[in-house]
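Results of the structural survey
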Amino acid sequence: MALITKHIPHGFASTGFYWKAAGPRTFVAPPVGEDNSDLEVEDEFLDDSDRDPDYVVEEDLIPTASGSATRIQPEEMPEEDEDEDDEEEDKAPPLPEFLQQPHEFFMRMLPIELLEDMVYQTNLYAHQKDVSTTFSIDIHDLMVFTGIVLYMGVMRGPSIDDYWALDTRMSQITEYMSSKRFRQIRALLHFNNNENAKSSTDRFYKVRPLFSGITKQFLQVKATPTQSIDEVMVGYKGTMAGNLRQYIANKPDKFGYKLFCRASIDGFIHDIVMY
């Protein structure tokens, strides 16, 4: 019986995945030509060809219930028709009947009654400010103005002039309303009668009808069992708000009006209290 000496590099552990041996390790090898059948060899290190010298791989072997099959011949996959796949992708699934379109959902949150009141109060304020004015708006003008304001909130420009400027104009805005008309509506837009403002103790008198109207609609949306209440800032950097303008350092809009909002877990706000 021969002795085989194998040197293990210094620094490796002696057990486990890493070895660390202080010196060479000695293994006992069986004599050449003797029967080694008594030696125990782990099966996981042997394949079928090691167990049987006459082993032949069967190409079309079908697996048995016991799972003893050595190899499964893969079947050829049918060729896919690219034209059919393209047609299936082009066909969008039909929308459920109960699912509202964006415009319908928007009108649900901002009903026509509230829009009509906003049109009336805006025209009233324009005549209170100048009796001889020819300014007047209708619901269509107010809807276009509202859509432009929402679009500006998504596609933010450095200034209002940039949306109509020759080099930076946006056709989604310029094709529906001129810059002069937009500025007129923006300056005269009102939600309540100014003549009754002095006799009211509500510091949010001018915007109270708007907030009351949209909050009433928000409350009609079904809330989730899990809800949260937190502060929300309406960004405002002007100087006309007095001490109603707040400062919260950890908000994206640090200056503005503070609101307390109750929202569902999906982020939908159901109730608003103005601070």
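The coordinates are above.
Everything quoted here is computed from the prediction, not taken from an experiment.

1. Remarks on the packing of aromatic side chains
Overall, the coordinates contain seven aromatic pairs when judged by the stated rule. Between Phe204 and Tyr257, the ring centres sit 6.5 Å apart and the planes meet at 65°, which makes this aromatic pair edge-to-face. One end of the pair, Phe204, is in the loop between helix 7 (179–188) and helix 8 (208–218); the other, Tyr257, is in strand 5 (residues 255–264), with 53 residues separating them in the sequence. Geometrically, the ring pair formed by Phe218 and Phe268 is edge-to-face, given 5.7 Å between the ring centres and 75° between the ring planes. Taken together, the residues Phe218 in helix 8 and Phe268 in the loop between strand 5 and strand 6 (269–274) connect sequence positions 50 residues apart. Note on Phe218: relative accessible area 15%, which makes it buried.

2. Some points on helix 7
Taken together, the buried positions of helix 7 are Phe182, Ile185 and Leu188. Taken around the axis of helix 7, the buried residues stretch over an arc of 150°, which confines them to a single face. For helix 7, exposure combined with an orientation more than 90 degrees from the buried face picks out Lys180, Arg186 and Ala187. Elements that come into contact with the buried residues of helix 7 comprise helix 4 (112–129) and helix 5 (139–154).

3. Notes on the pattern of salt bridges
Under the definition given, this model contains five salt bridges. Salt-bridge contacts for Lys251 lead to Asp230; the nearest nitrogen and oxygen are separated by 4.0 Å. Placement of the pair is Lys251 in the loop between strand 4 (246–247) and strand 5 and Asp230 in strand 3 (residues 227–235), with a sequence separation of 21 residues. Lys251 sits in the buried class, given a relative accessible area of 17%.

4. Section: the side chain of Thr146
If you trace the backbone, Thr146 turns up in helix 5. Here Leu142 takes part through its backbone oxygen, which lies 2.8 Å from a polar atom of the side chain of Thr146.

5. A word on helix 4
Side chains three or four residues apart in an α-helix point the same way, a direct result of the helix having 3.6 residues per turn. Between its first and last C-alpha atoms helix 4 spans 26 Å; for 18 residues at 1.5 Å apiece the expected length is 26 Å, and the two agree. Buried within helix 4 are the following residues: Leu114, Leu115, Met118, Val119, Gln121, Thr122, Asn123, Tyr125 and Ala126. In this structure, the buried side of helix 4 is in contact with helix 3 (102–109), helix 5, helix 7 and helix 8.

6. Some details on the environment of Asn194
Looking at the element boundaries, Asn194 is found in the loop between helix 7 and helix 8. Its relative accessible area of 22% is what places Asn194 among the partly exposed residues. Along the chain, Asn194 and Gln128 lie 66 residues apart, while their C-alpha atoms are 8.9 Å from each other. With residues near it in sequence (within four places) discarded, Asn194 still touches Tyr125, Gln128 and Lys206. Polar side-chain contacts of Asn194 include one of 3.3 Å to the side chain of His190.

Thresholds applied
- Residues numbered from 1 in each chain as written.
- Predicted model: local features only at pLDDT ≥ 70, side-chain atom pairs only at ≥ 80, totals over all residues.
- Heavy atoms only, no water.
- Phe/Tyr/Trp six-rings, centres within 6.5 Å; stacked < 30°, edge-to-face > 60°.
- Helix = DSSP H or I, 4+ residues; strand = E, 2+ residues; numbered from the N terminus.
- Buried < 20%, exposed > 50% of the residue type's maximum accessible area, 1.4 Å probe, protein only.
- Arc of directions from axis to C-beta.
- Contact = heavy atoms within 4.5 Å.
- Salt bridge = Lys/Arg side-chain N within 4 Å of Asp/Glu carboxyl O.
- Polar contact = N/O pair within 3.5 Å; in protein donor to acceptor, adjacent residues only side chain to side chain.
- Expected span 1.5 Å × (residues − 1).

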